[in-house]
Amino acid sequence: MNISELSEQEIIRRNSLEELRKLGIDPYPAEEFKVTATASQIRNEFDPEKNNFQDITIAGRIMTRRIMGNASFFELQDHTGKIQVYVKRDEICPGEDKTMYNTVFKKLLDIGDIVGIKGYAFLTNTGELSVHCIEIKVLSKSLRPLPIVKEKDGKIFDAFSDPEQRYRQRYVDLVVNPQVKEVFLMRSRIINTMREFFNSKGYIEVETPILQPIPGGATARPFITHHNALDIPLYLRIANELYLKKLIVGGFDGVYEFAKDFRNEGMDRTHNPEFTVMEIYVAYKDYLWMMDFVEEMIEKVALALHGKTKLMIGEKEVDFKRPFRRLTMTDAIKEKTGFDITAKNEKELREACRNLNAEIDDTMGKGKLIDAIFGQYCEDDLVQPTFITDYPIDMSPLCKRHRDNPELTERFELFVAGKELCNAYSELNDPIDQLDRFQEQLKLSEKGDDEAMFIDMDFVRALEYGMPTCSGMGIGIDRLTMFMTNQSSIQDVLFFPQMRPEKKAAVDPVENYIEAGIPADWAEVLQKMGYITVESVKKLAPGKLFNDLCGFNKKNKLGLKNPTADDVKRWTGN
């Protein structure tokens with residue numbers, strides 16, 4: 001990194017790094033530091049009468065410091081939380097040499113540095129639980145200053161709250177906003193609860209390809225790449241459905257996968273191009289059985305996380321207690337619009353969409369026209385968990401025809417808080433019908449629908465060998481986590497959401513400073529202090545800038561001749 005790109009604080013920290021090395025202290029030691037206690041263990045288990053935690057080692061990041069002569073306090077944060085540490089000069093420096101306290105601790109360590117502490121737990125005179133430090137070890141020197149988040153009387157000041165910064169620098173977000181970590185711990189508990197539930201039923205967790213020659217299993221636009229050795233195009237999977245059903249053909253009774261899927265589509269508060277889904281397929285079951293299964297699973301997740309089924313999602317209370325409401329798509333649309341979609345052809349549906357002011361375009365077939373009406377008039381009102389069932393066949397190319405009405409399919413989607421949470425079928429296992437459905441999708445593609453399904457002839461071949469009656473279900477883990485943790489944005493439940501490229505701040509060349517009357521040496525100093533454009537210098541108060549420049553020159557031992565106050569006035573244009 002060019003030194004001119006560093007802030008004053010970053011330069012100071014790099015100088016401290018070199019000073020530590022001159023003292024023979026490795027700021028990034030390789031050996032293990034054995035931790036025997038955590039902040040939460042000490043907080044929860046310390047008992048002054050038992051006098052426990054008397055010979056412990058703890059490690060973490062310095063978050064605040066109070067230097068008070070020969071004794072000081074600092075706050076140490078590990079992965080479990082924070083605890084106060086008391087440092088006394090003569091205890092960490094028992095001999096004549098007081099360098100470790102006077103120089104290392106007081107001058108060369110900073111907020112954000114990671115240290116190891118040997119000591120014992122005790123209560124201060126004010127009754128605050130602390131760790132009395134008898135030895136301190138530098139474990140990692142922080143070269144960038146953390147955003148300083150202040151808290152007083154329960155109020156947060158200078159919070160690191162800008163979403164752009166938080167999502168782009170999640171590592172900083174997790175350090176200074178420890179409550180963020182709880183969302184991701186809950187996400188892990190959601191997945192573990194589901195995995196334990198499936199395993200208890202005897203179903204097998206499997207893995208299927210992410211790079212696929214045909215992107216099947218859903219209607220979505222794929223990401224395309226190229227395999228050099230095979231000289232063929234490959235697609236990042238949009239779903240893992242077809243591969244999992246091939247395993248049912250192969251004789252597995254039930255298989256599931258937590259999978260990363262990819263769809264080359266829009267981004268918003270509820271969609272990320274890379275997302276996590278769980279798909280499960282169970283032989284000899286149907287969609288009615290799967291509705292019962294999903295209810296049991298969702299209720300179990302809510303209880304595992306919160307110990308109750310009633311949760312707040314946004315400002316609405318949602319109850320995940322079984323059973324959930326069940327409503328056919330036909331009845332849902334008729335209930336909200338008065339229009340009956342039964343047996344309507346494409347022309348009639350298109351006319352109905354126009355009358356209802358539904359947003360459509362010429363590429364849409366019957367399925368998408370129906371979906372446009374449902375999405376505009378029904379979804380937002382489905383706040384409590386509701387199974388929407390029996391979709392028209394045009395909306396479900398992989399789904400078995402309804403046993404009582406061949407114009408419908410045995411499909412359901414679970415809606416919560418106005419959003420789809422999961423999708424499930426009685427799976428289509430008739431290979432002739434499946435090929436016909438694929439060919440209908442090909443016609444949609446020829447009309448310009450770039451989300452229409454590809455024809456996967458290997459999947460058709462697998463069905464020709466025979467797949468038993470089967471029910472499958474897919475559920476979005478990101479959205480389930482949003483609901484279970486009451487987060488309104490998908491970015492808040494992804495460690496590293498997709499972001500637009502970071503815009504780099506424009507830096508004026510030194511020549512621009514010289515043209516403005518600023519000598520080259522001082523132009524470099526100004527840039528080190530963070531004033532990377534001539535325009536930023538002209539916005540400064542000349543008196544303060546004069547004092548800052550002289551102070552920076554002295555502090556960093558630059559040896560430059562200080563400018564006069566009049567010089568600085570000219571530089572700022574005042």
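Residues numbered from 1 in each chain as written. Predicted model: local features only at pLDDT ≥ 70, side-chain atom pairs only at ≥ 80, totals over all residues. Heavy atoms only, no water.

(A) Spatial organisation of the pattern of salt bridges. Taken as a whole, this structure holds 38 salt bridges when the rule is applied. A salt bridge links E241 to K245; the nearest nitrogen and oxygen atoms lie 2.9 Å apart. Of the two residues, E241 and K245 are both situated in helix 8 (residues 241–249); the distance of four residues between them amounts to about one turn of the helix. Like K245, E241 is buried. Through salt bridges with shared partners, a single network forms among R166, R170, D173 and D492. (Salt bridge = Lys/Arg side-chain N within 4 Å of Asp/Glu carboxyl O. Helix = DSSP H or I, 4+ residues; strand = E, 2+ residues; numbered from the N terminus. Buried < 20%, exposed > 50% of the residue type's maximum accessible area, 1.4 Å probe, protein only.)

(B) Inspection of the side chain of T124 at higher detail. Mapped onto the secondary structure, T124 falls in the loop between strand 4 (114–123) and strand 5 (129–140). Within polar-contact distance, the side chain of T124 engages the side chain of T126 at 3.0 Å. With residues up to four places along the chain from it excluded, the contact list for T124 reads F73, Q84 and S130. (Polar contact = N/O pair within 3.5 Å; in protein donor to acceptor, adjacent residues only side chain to side chain. Contact = heavy atoms within 4.5 Å.)

(C) Local environment of the environment of D26. As for its placement among the helices and strands, D26 is situated in the loop between helix 1 (8–22) and helix 2 (39–45). Distance from D26 to V138, taken between C-alpha atoms, is 7.6 Å for residues 112 residues apart in sequence.

(D) Molecular detail of the sheet that holds strand 11 (residues 232–236). As summarised here, the arrangement of the three strands in space is 9-11-10, forming an open sheet in which the pairing is antiparallel. Two strands close off the open sheet at either side, each with one partner strand: strand 9 (211–212) and strand 10 (224–227). In the sheet, strand 9 pairs with strand 11 via two bridges, with the strands oriented antiparallel. Paired with Q212 across the strands is Y235, a residue of strand 11. (Pairing = 2+ DSSP bridges.)

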